[in-house]
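# Observations on the three-dimensional arrangement
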Amino acid sequence: MYICGMRYCFVILHYMAHGASRCCLDALIRVLPGADSSIVIVDNGSPDGSGAQLQEEFAGNPRVSFVTLKENVGFARGNNEGYRYAKEHFDPDFIIMMNNDILITDPAFLDKISAEYEANPFAVLGPDIFVPLQDRHQNPARLQPMTKDEAMAIRKKYARKNRHFFYNYTTWNLKLAFWLDKYPTPADQGSADPHDGCVLHGACYIFSRDFIAKREHAFNPATFLYMEEDILQLECSRAGLKMHYSPALQVTHLEDASTRAAYGSVYKRTKFKCAKLVESLDIFIGMLGGE
């Protein structure tokens, strides 16, 4: 049973991938009861009209609200708009922020959030994120935070590749493309055991009031794509906000629907990701300073 008076709000960032967002919403509405839970969809400036299409399709559902952005402002700022809307309109105890290619099929999902918080109070909770097509578990993204030396090594590698992208792409071709579809660290390890202080995968975060009361934004708004997980872990660690991974909760991740919709060819998608990764690494390295 839900803890009496607890309020839950889902924030889902949408960009062009209408089918993925529709499946995500349908699953939430079908599986989870309406009491004490609401859903905020952020249309991140979709140029194909899919945001307006979703809004029309769910116009009759009072649980679903829409935030429409004029342009694509990236992962961090797009999610921040939904986070701010959820805080102002619903005053939630928990904000569940997830990609539009995440599916929740467990009817006890909200109960498990409450139970986890009762047993182990957290600021940010990461569930088990399962990718069925690869038979892979994505959380924790990293058991230990990325060091400055690691970040600088990755930055050097991808800055060099980005400068000579066409040559490098034709040389490694799909090897790089498919590798970049993964998180660019020695991660993707997953764990069957709970962990504190690890880097949580960005496909699904659960923020408690401990976090919501202290943070104006969910994510550092400086990045467009990549490194949000590492930056969030660093900021939470410095602020004394507990990050916790629990395999007691599980979601299914269909992976990368919005980026694939925006950049259909492997070449364009890989080039875009490579450039954004370098930009975000610069921000992260700057935050680490002399560490």
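Before going into details, it helps to say that this report is about the structure given with it. Bear in mind that the values here come from a model prediction, so they are computed numbers and not experimental data.

## Focus: helix α3 (residues 74-90)
Along its 17 residues, α3 runs 24 Å from first to last C-alpha, staying within 8% of the 24 Å computed at 1.5 Å per residue. The set of residues buried in α3 consists of G74, F75, A76, G78, N79, N80, G82, Y83 and A86. Looking one or two places after α3, you find D91, whose phi comes out positive at around 45°.

## Considering the packing of aromatic side chains
Scanning the entire structure with this criterion turns up 13 aromatic pairs. Plain terms: the ring middles of Y117 and F122 are 5.3 Å apart, the flat faces sit at 85° to each other, and that makes the pair edge-to-face. With a centroid separation of 6.4 Å and 75° between ring planes, the pair formed by F207 and F219 is classed as edge-to-face. A residue pair is termed long-range when its members are at least 10 positions apart, and F207 in strand β9 (residues 204-208) and F219 in the loop between α8 (209-212) and α9 (228-239) qualify at 12 residues. Grouping residues by exposure puts F207 and F219 together as buried.

## Brief notes about the pairing of strand β10 (residues 243-253)
Judged by how many residues are buried, β10 sits mostly within the fold: eight of 11 residues are covered. Bridge analysis of strand β5 (residues 102-103) against β10 gives two bridges, and the strand direction is antiparallel. Of the residues in β10, the one forming a bridge with L103 is T252. The sheet contact formed by strand β6 (residues 124-131) and β10 spans seven bridges and is parallel. Of the residues in β10, the one forming a bridge with G126 is Y245. In the sheet, strand β8 (residues 195-196) pairs with β10 via two bridges, with the strands oriented antiparallel. Within β10, the position partnered with D196 by the bridge is H244.

About the thresholds
- Residues numbered from 1 in each chain as written.
- Predicted model: local features only at pLDDT ≥ 70, side-chain atom pairs only at ≥ 80, totals over all residues.
- Heavy atoms only, no water.
- Helix = DSSP H or I, 4+ residues; strand = E, 2+ residues; numbered from the N terminus.
- Expected span 1.5 Å × (residues − 1).
- Buried < 20%, exposed > 50% of the residue type's maximum accessible area, 1.4 Å probe, protein only.
- Phe/Tyr/Trp six-rings, centres within 6.5 Å; stacked < 30°, edge-to-face > 60°.
- Pairing = 2+ DSSP bridges.

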